[in-house]
Amino acid sequence: MKTFSKTIDVRTSSRNCFVDITRYISSICEESKISDGIITIFVPHTTCGVIVNENYDPTVQKDIQKILGEIAPENQDYSHTEGNADSHIKTAIVGNSITIPINNGKIPFGTWQGIFLTEFDGPRTRKVIVKIIGV
Ligand code: ZN
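Residues numbered from 1 in each chain as written. Predicted model: local features only at pLDDT ≥ 70, side-chain atom pairs only at ≥ 80, totals over all residues. Heavy atoms only, no water.

Peer 1: Sorry, what's going on with the overall build of the protein chain here?
Peer 2: Looking only at helices and strands, the protein chain has three helices and seven strands in total. Ordering the α and β elements of the protein chain from the N terminus gives β-β-α-β-β-α-α-β-β-β. Taken over the C-alpha trace, the protein chain has a radius of gyration of 16 Å; the compact-globule value for 135 residues is 14 Å, and the two agree within 12%. The dimensions of the protein chain, computed from C-alpha atoms along their principal axes, are 50 × 30 × 20 Å. For the protein chain, with 135 residues in total, the buried portion stands at 38%. The contacts of the protein chain with a sequence gap of at least 6 include a subset with a gap of at least 24, amounting to 86%. When the accessible surface of the protein chain is summed, it comes to about 7,500 Å², and 52% of that surface belongs to carbon and sulfur atoms. (Helix = DSSP H or I, 4+ residues; strand = E, 2+ residues; numbered from the N terminus. Rg over C-alpha atoms; globule rule 2.2 N^0.38 Å. Buried < 20%, exposed > 50% of the residue type's maximum accessible area, 1.4 Å probe, protein only. Contact = heavy atoms within 4.5 Å. Areas by Shrake-Rupley, 256 points an atom, 1.4 Å probe, with all protein chains shown as cover.)

Peer 1: Looking at this model, I keep getting lost on the coordination of the zinc ion. Mind explaining?
Peer 2: Tetrahedral metal sites with four donors have an ideal angle of 109.5 degrees; octahedral sites with six donors have ideal angles of 90 or 180 degrees. Listed as protein donors to the zinc ion are His80 (NE2), Glu82 (OE), Asn84 (OD1) and His88 (NE2); their distances from the metal cover 1.9 to 2.2 Å. Coordination geometry of the zinc ion: the four donor atoms subtend angles of 88 to 160° at the metal centre, consistent with an arrangement described as irregular. Accessibility expressed as a relative area gives 36% for His80, which makes it partly exposed. (Donors = N, O, S within 2.8 Å, 3.2 Å for Na, K, Ca; no water. Tetrahedral: all angles 85-135°; square planar, octahedral: opposite > 155°, others 65-115°.)

Peer 1: It is not clear to me how the pairing of strand 6 (residues 113-119) should be interpreted in this structure. Could you clarify?
Peer 2: Looking along a regular strand, one sees side chains alternate from face to face of the sheet. Burial of strand 6 is extensive: six of the seven residues sit out of reach of the surface. In this sheet, strand 6 lies alongside strand 2 (residues 17-20) in antiparallel orientation, the contact comprising four bridges. Looking at strand 6, one finds that Val19 is bridged to Leu117. When strand 4 (residues 48-54) meets strand 6, the two strands line up antiparallel, connected through seven bridges. Of the residues in strand 6, the one forming a bridge with Val52 is Ile115. (Pairing = 2+ DSSP bridges.)

Peer 1: What is the right way to read the packing of aromatic side chains from this model?
Peer 2: What describes a pair of aromatic rings is the distance from one ring centre to the other and the angle between the planes of the rings. A full pass over the atoms with the stated rule returns three aromatic pairs. Their ring planes at 85° and their centres at 6.4 Å tell us that Phe18 and Phe120 sit as a pair that is edge-to-face. Here the residue Phe18 occupies a position in strand 2, and Phe120 occupies one in the loop between strand 6 and strand 7 (125-134), the gap between them amounting to 102 residues. In this structure, Phe18 and Phe120 share a single accessibility class: buried. What links up through ring pairs into an aromatic cluster is the set Phe18, Phe116 and Phe120. (Phe/Tyr/Trp six-rings, centres within 6.5 Å; stacked < 30°, edge-to-face > 60°.)

Peer 1: Quick question: what am I supposed to make of the nonpolar core here?
Peer 2: For soluble globular proteins, the rule of thumb is that nonpolar side chains tend to be buried together. The biggest cluster of nonpolar side chains holds 23 residues, and the ones touching the most others in it are Ile21, Ile25, Ile39, Ile41, Ile115, Leu117 and Val128. Secondary-structure elements contributing two or more residues to this core are strand 1 (3-11), strand 2, helix 1 (22-32), strand 3 (37-42), strand 4, strand 5 (97-102), strand 6 and strand 7. In contact with Ile25, other than residues within four places in its own chain, are Ile39, Ile41, Ile107, Ile115 and Val130. Core analysis: the next-biggest nonpolar cluster, separate from the first, contains five residues, Phe18, Ile51, Leu68 and Phe116 among them. (Core = buried A, V, L, I, M, F, W, Y, C linked by side-chain atoms within 4.5 Å.)

Next comes the structure, spelled out in structure tokens:
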């Protein structure tokens, strides 16, 4: 079984923001030379996540952030008093790993799909751990 791993650092620019990491993941995929398999992307953090969603119209990201902010407002009577309880809740909702297929050396994205790191407690530098398992 052929495997390939890489960890990248991603700088985020504000407390809540999405960073399109599609091009980094696609280039790791190319670098691996694995033509068929599974790619898994994991962020080792409790206040940022990773999702696949639309990367064409930026208002989609805005709407997702707005609704997450309504579900978990920043100033609420939380038990976790570190000041980032909302960030933990948003991360729990979106999740912090995704697994996607590689077909013929490429991720078979739908027309509007991209991969985003979802920051909920930035700005910070985040790690993204990528592992590819070839079949
Ligand atoms: Zn915390």
